[in-house]
Every structure is written in C-alpha cells, then in structure tokens.
Amino acid sequence: VATYAPIETGSAASLVYINGPDSDIARASCEPVPNVSTPVSAAVLIYTSGTTGQPKGTLIPHRSVIRIVQERHYVQITQEDRVAQVMSPSFDVCILEVWSALTNGAALIGIPKNKLLALRQMARILQTERVTFLNIPAACLSQIGREDPGMLRDLRTVFYGGEPADTASIRNILKAGAPGKLVNAYGPTEGCIIAICYQIENLEEGATSIPI
C-alpha cells in the first residue's frame, strides 16, 4: 500500500511516495507478512528449451526447489561456501546457484557472462573471490580442460551439464588437480534441474564418454 499521485494530466503512470512521513507505507505495520505458501505452491515459472518440440511453460513448486538446495546427497552447501552465480536468470540452473546460497547462508558471487568466456579473467575472479562452488556449461568446462586445466583445483565443488563434455579435457582437469568434487549432472526443467548425476573421480585412458 502506498500513496499515489498522477505524474501528468492524461497519463496512466503514477508516482509512488515511499519515504514521506505521511505515506501509507510509513504508517504500515513492520510485522512479517503471513506465509500463505504451501509445498505445492508455484515458486518459478520457466520455459523449456523446446528441444523436444515447441517450448512450453513449466511451473516448479516450492518443494522441488527445496529438494535441490537442502540436504542433498551429491553436494552440501554451508555458511562457509561462496557460490558463483554465472547462469542467466532465464535458465533453470540459476535456481540452483541462487537458492543453494541463500537457503544455506552461503555467499552468492555474481560473475558476468563475459568473464566466464574469458578464462584468464575467470580464473582471477575464482581466486580473488574465493569461490568454492561453480556450475558451468559443459562447453566451458571443455575449454578449461584444453587451455587451463588447473584453474579449478582450489574449488570444493564443480558441476557441469547440458551436453557431453570432451573426455580429453576432463582427463586433463583430473591430472592437473581436480576440484574436491567434479560432477556431471543432468535434468530437464520439469525435473527441477538435477534428476541424476555422477561424480567423476577418475577416467580411463580409453573412455569415450562420461556417465550421468
């Protein structure tokens, strides 16, 4: 609730006063707003990529978001972690990045997309910001494996997915000093990001693919 005033005659726009001592907001209660959500209430509306046909809107309930950010067997985020946020808000993986940090008391570190694509700048940011959790596209991980395979060694957890990563690049990363956990993950939007995943601990020389 706020006090409104017309900006100009004939205009549909309104000016909202929020700081005035006589505004409705100033007189409003500071008590927390009652929580009317349930586990099945919609938390996110996001569109699928359309790889199996025409893109469609998918409603993700609160319980699905909680499932991927709390008490997960594949990764535990704590108050000591510093989670990188590199994915676009229009991409479902952003939910994993943002809410893994915010629901566990961890720091959320925003990294611009142009830095993600420039490996030297990316490596500098990971080091200076002391990032511990990173989720990146498979293509980016493959590039790291080819050009700077040791740049992830200080991270506690690295997730990747979206498509198969180059096995030679993964092997280079493992040899150069892998992060604490390197995880190949897969999941459709309807499954809320992660439906299945595989922690990569070693890779045979003749391997041509990586399990999920």
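Everything below is about the structure shown above.
Asker: Would you mind showing me how to read unusual backbone geometry here?
Answerer: Excluding glycine, a negative phi dihedral is what most residues carry, and trans is how most peptide bonds are arranged. In the Ramachandran plot, C192 falls in the positive-phi region, its phi being about 55° despite a non-glycine side chain. Since its relative accessible area comes to 1%, C192 is described here as buried. Of note in this structure, I193 is not a glycine but carries a positive phi near 80°. Following the sequence through the fold, I193 ends up in the loop between β9 (181-186) and β10 (196-199).

Asker: I would appreciate a short explanation of the pairing of strand β8 (residues 157-161) in the present structure.
Answerer: On a regular strand, each side chain points to the face opposite its neighbour's, so the side chains alternate between the two faces of the sheet. Counting buried positions along β8 gives 5 out of 5 residues, so the element sits mostly inside the fold. Residue alternation in β8 divides its side chains into two sets, T157, F159 and G161 and V158 and Y160, and both sets are buried. When strand β7 (residues 133-137) meets β8, the two strands line up parallel, connected through 5 bridges. Considered in β8, the bridge of N135 is made with F159. For the segment spanning β7, helix α6 (residues 138-147) and β8, crossover handedness is right-handed. Pairing geometry for β8 and β9, over 5 bridges, is parallel. Looking at β9, one finds that G161 is bridged to A185. Read from β8 through helix α7 (residues 167-177) to β9, the crossover connection turns out right-handed.

Asker: Explain the environment of S37 here, please?
Answerer: Within the fold, S37 resides in the loop between α1 (24-27) and β3 (42-47). For S37, a relative accessible area of 39% gives the class partly exposed.

Asker: Teacher, can you tell me more about the packing of aromatic side chains here?
Answerer: Two descriptors summarise a pair of aromatic rings, namely the distance from one centre to the other and the angle between the planes of the rings. Throughout the structure, instances matching the rule amount to 1 aromatic pair. With a centroid separation of 5.7 Å and an interplanar angle of 40°, the aromatic rings of F133 and F159 are classed as tilted. Of the two residues, F133 sits in strand β7 while F159 sits in strand β8, which places them 26 residues apart along the sequence. When sorted by exposure, F133 lands in the same class as F159, which is buried.

Asker: Honestly, the nonpolar core in this entry has me stumped. Any pointers?
Answerer: As a rule of thumb, nonpolar side chains are buried together in soluble globular proteins. Counting residues in hydrophobic clusters, the biggest one holds 53 residues, and the most contacted among them are L126, L134, L141, L152, Y160 and I170. Per element, the largest residue contribution to this core is 6 residues, and it comes from helix α3 (residues 93-102). With sequence-adjacent residues up to four places away left out, L126 is seen in contact with I111, V131, L134, M151, L152 and L155.

Asker: I'm lost on the side chain of Q85 in this one. Help?
Answerer: Relative to the helices and strands, Q85 resides in strand β5 (residues 82-85). In contact with Q85, not counting residues within four places along its chain, are C94, E97, V98, L108, I109, G110 and I111.

Asker: Got a minute to help me understand a nonpolar patch on the surface in this structure?
Answerer: Where nonpolar side chains cluster on the molecular surface, the patch consists of L45, Y47 and L59 and spans about 380 Å² of accessible area. Its location among the elements puts L59 in strand β4 (residues 57-61). Given a relative accessible area of 59%, L59 falls into the exposed group.

Calculation notes
Residues numbered from 1 in each chain as written. Predicted model: local features only at pLDDT ≥ 70, side-chain atom pairs only at ≥ 80, totals over all residues. Heavy atoms only, no water. Buried < 20%, exposed > 50% of the residue type's maximum accessible area, 1.4 Å probe, protein only. Helix = DSSP H or I, 4+ residues; strand = E, 2+ residues; numbered from the N terminus. Pairing = 2+ DSSP bridges. Right-handed = clockwise from strand over helix to strand, strands pointing away. Phe/Tyr/Trp six-rings, centres within 6.5 Å; stacked < 30°, edge-to-face > 60°. Core = buried A, V, L, I, M, F, W, Y, C linked by side-chain atoms within 4.5 Å. Contact = heavy atoms within 4.5 Å. Patch = residues over 30% accessible without salt bridge, like charges linked within 9 Å, V, L, I, M, F, W, Y side chains within 5 Å. Areas by Shrake-Rupley, 256 points an atom, 1.4 Å probe, with all protein chains shown as cover. Salt bridge = Lys/Arg side-chain N within 4 Å of Asp/Glu carboxyl O.

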